[in-house]
Amino acid sequence: MRRTVSSLLLLAGASACGGSDSAAATGTPLVATSDASFTRIQRDILDPQCAACHKSGNTNARQSGLVLTADSSYQQLVGVAS
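Note that the structure is predicted; figures quoted are calculated from it, not measured.

A.B. asks: I'd like to hear about the overall build of the protein chain, residue by residue, with values.
C.D. replies: When helices and strands are counted, the protein chain shows five helices and zero strands. Reading the protein chain from its N terminus to its C terminus gives the helix and strand order α-α-α-α-α. Across the 82 residues in the protein chain, those meeting the buried criterion constitute 24%. Contacts spanning at least 24 positions in sequence make up 44% of the contacts within the protein chain whose residues lie at least 6 apart.

A.B. asks: Pulling in residues and values, what's your account of the pattern of salt bridges?
C.D. replies: Pairing between side chains becomes possible if they bear opposite charge and their charged atoms approach one another. Using the criterion set out here, one finds two salt bridges in the structure. Two residues, Arg40 and Asp44, come together in a salt bridge whose shortest N-O distance is 3.4 Å. Pair noted here: Arg40 and Asp44 are both in helix α3 (residues 38–49), with a separation of four residues, about one helical turn. Overall, Arg40 belongs to the partly exposed group, its relative accessible area being 42%. The exposure class assigned to Asp44 is partly exposed, which follows from its relative accessible area of 38%. A salt bridge links Arg43 to Asp44; the shortest N-O distance between them is 2.8 Å. The network of salt bridges with shared partners includes Arg40, Arg43 and Asp44.

Quick notes on the rules
- Residues numbered from 1 in each chain as written.
- Predicted model: local features only at pLDDT ≥ 70, side-chain atom pairs only at ≥ 80, totals over all residues.
- Heavy atoms only, no water.
- Helix = DSSP H or I, 4+ residues; strand = E, 2+ residues; numbered from the N terminus.
- Buried < 20%, exposed > 50% of the residue type's maximum accessible area, 1.4 Å probe, protein only.
- Contact = heavy atoms within 4.5 Å.
- Salt bridge = Lys/Arg side-chain N within 4 Å of Asp/Glu carboxyl O.

Structure below.
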């Protein structure tokens, strides 16, 4: 299950890379920023798509064993054996 969630996060992140405002389309070079991290994944993917249902005490969190709110998602997803 956790491998599936990790794979979905990677796919969601990869799909966000395309589009007309991508670096290739605008001609601007890619620049590493401090925002290119798990903080961005949390803000752009987990908070709007997952955290409402996967919060502590919620049925989805109990069934899946995943609490995906900002205070616990990193520990639940990164460096965990699948």
